[in-house]
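The residues making up each chain are set out below.
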Amino acid sequence: MASPYSTCCVLFLALAIVALHVSPAVSTSRRVFVDWHEPEQGFRVMLKHVDSGKNLTKWEQIQRGIARGQHRLQMLNAMVLAAAGGVKAPVVAGDGEFLMYLSIGTPPKSYSAIMDTGSDLIWIQCKPCSQCYQQSTPIFDPKKSSTYAKLSCNNHLCKAMPQGTCGDDGCEYRYSYGDYSLTQGVMATETLTFGKVLVPKIGFGCGEDNEGEGFTQGAGLVGLGRGALSLVSQLKEPKFSYCLTLFDGTQKSTLLMGSLARVNRTFGAVKTTPLIRNPLQPSFYYLSLNGISVGKTRLPIKKSSFALRDDGTGGLIIDSGTTITYLEENAFRAVKKGFIKQMNLPLDTSGVTGLDLCFTLPSDTTKVKVPKLVFHFEGADLDLPAENYMTSDSESGLICLTMGSSNGLSIFGNIQQQNMMVFHDLKQQTVSFVQTQCRKL
């Protein structure tokens, strides 16, 4: 395998189409209940990209991802600004890029749900449904499950709800998403099944009123944020990792939970950076980014460009649900200048790709040299392979930077995380990166 630190090259990028498969950490023909107090329990979930199987061209795939990413960025910025302004109503992002399979109830019923590292709540559409969007599987009927139980208003998970109320059905919830999308219903506990691994008494929202376009890829959402309601927090195994394959349409991406989520140093050098906490947005995975280099040049970007401010605005989060990286506008302007200076190619101004910076490829693409890109996180200089920030297309004759500008929150997106094991350790409060071939996991 070629070193990611070798001299620059052009690599091609397309959105992922990945197959779905779920496998347990325990090899057995029977389903096994997990005791999350045991040290060696975990499970693996194979992830599917939301655009899988849609027969899209490269630029169509990228443009769809950008459109979702810009919408998500707007929602995340709205969430941060609402909190900074003292608004207590929950406003969360709500959409994402990857689906995971799970089963719910006894007997178990299979569903796909959006994986979201930017929120906490687990929820799924439930009967009786006053307002539900169309999904490919039957809506979950809690009356047909022997393990379904409504949460009492005194339960700690009910108390963890940003906007929970006590009604005739016990603990009731409402989550709004900043664009008039929402889910509301009853909080309950259920048995979730991942492959052959059963995890009992997981708190979730049984959504009886679910409105908005951002949810329609799956039957619900699985929050993997840092709060008490998320799957990772409820499992009492405060760590998870994912490995996202290149977007070439044939490979699987992987989510690992519990004891399976660990850094394999045999893959290569491990880069670890501390998580920082925003008291106004405790669910987000904030990182400290000190600067960026293009080629051998450390760009003239003020460290304050990525700093988390006292009012909870600014900062940079790592997010699996946003396609491309968005940088604070002054920082992005410096990155653009750095690439324009070092690429030595004519600029393309047609705007056909939806990306901010594109160049016209020469007839002989072997002569194109892409400068290195390094993100200088606190304690970790992350040197990205070229395919993690440049995409090219021979048919259109263009090569483009897969990054954009933000006027608030910065986001380290999933294209930049390709072919890396990204390990979140909530106990140690760190995120680690190790470059690997995710398709081989």
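This text follows the structure it describes.
The sections below set out a description of the structure shown in this document. (Residues numbered from 1 in each chain as written. Predicted model: local features only at pLDDT ≥ 70, side-chain atom pairs only at ≥ 80, totals over all residues. Heavy atoms only, no water.)

**Considering the sheet that holds strand β24 (residues 380-384)**
Pairing is antiparallel across the open sheet formed by 4 strands, whose spatial order is β18-β17-β23-β24. For this open sheet the edge positions go to β18 (297-298) and β24, each flanked by a neighbour on one side alone. Pairing of strand β17 (residues 289-294) with strand β23 (residues 373-377), which is carried by 5 bridges, proceeds in the antiparallel orientation. Note on β23: the bridge partner recorded for V294 is L373. Where helix α4 (residues 329-343) meets the sheet, it contacts β17, β18 and β23, and its direction lies at approximately 15 degrees from that of β17. (Pairing = 2+ DSSP bridges. Helix = DSSP H or I, 4+ residues; strand = E, 2+ residues; numbered from the N terminus. Contact = heavy atoms within 4.5 Å. Axes fitted to C-alpha atoms, helices over the stretch in contact; angles between N-to-C directions.)

**Here we look at the pairing of strand β15 (residues 271-276)**
Examined bridge by bridge, β15 and strand β30 (residues 430-435) share 4 bridges and lie antiparallel to one another. Each residue of the ladder has a partner; that of P274, found in β30, is T430. In this sheet, strand β16 (residues 286-287) lies alongside β15 in antiparallel orientation, the contact comprising 2 bridges. Paired with I276 across the two strands is Y286, which belongs to β16.

**Here's the deal with unusual backbone geometry**
With omega at 0 degrees, the peptide bond leading from T106 into P107 counts as cis. Going from K127 to P128, the amide bond is cis rather than trans, its omega being -5 degrees. Considering the arrangement of structural elements, one finds P128 in the loop between β6 (123-125) and β7 (149-150). One non-glycine residue with positive phi stands out, namely K201, at about 55 degrees.

**Examining the sheet that holds strand β22 (residues 357-360)**
Strand order across the open sheet formed by 4 strands is β21-β22-β26-β25, with antiparallel pairing between neighbours. Each edge of the open sheet is held by one strand with a lone partner, namely β21 (347-348) and β25 (390-393). This element, helix α1 (residues 58-84), spans β25 and β26 (398-401) of the sheet and lies at about 145 degrees to β25. α4 contacts β21, β22, β25 and β26 of the sheet and is inclined by roughly 10 degrees relative to β22.

**A closer look at the packing of aromatic side chains**
Scanning all chains against the criterion turns up 12 aromatic pairs. Ring geometry for Y148 versus F204: centroids 6.4 Å apart, planes at 80 degrees, classification edge-to-face. Taken together, the positions of Y148 in the loop between β6 and β7 and F204 in strand β11 (residues 197-211) put the pair 56 residues apart, joining distant regions of the chain. According to the relative accessible area criterion, Y148 is buried, its value standing at 19%. Look at F375 and F412: their rings are 5.1 Å apart centre to centre, the planes differ by 70 degrees, and that puts the pair in the edge-to-face class. Placement of F375 in strand β23 and of F412 in strand β28 (residues 410-412) is noted, with a sequence separation of 37 residues between them. According to the relative accessible area criterion, F375 is buried, its value standing at 0%. The rings of F375, F377, F412 and F433 are connected pair by pair, giving a single aromatic cluster. (Phe/Tyr/Trp six-rings, centres within 6.5 Å; stacked < 30°, edge-to-face > 60°. Buried < 20%, exposed > 50% of the residue type's maximum accessible area, 1.4 Å probe, protein only.)

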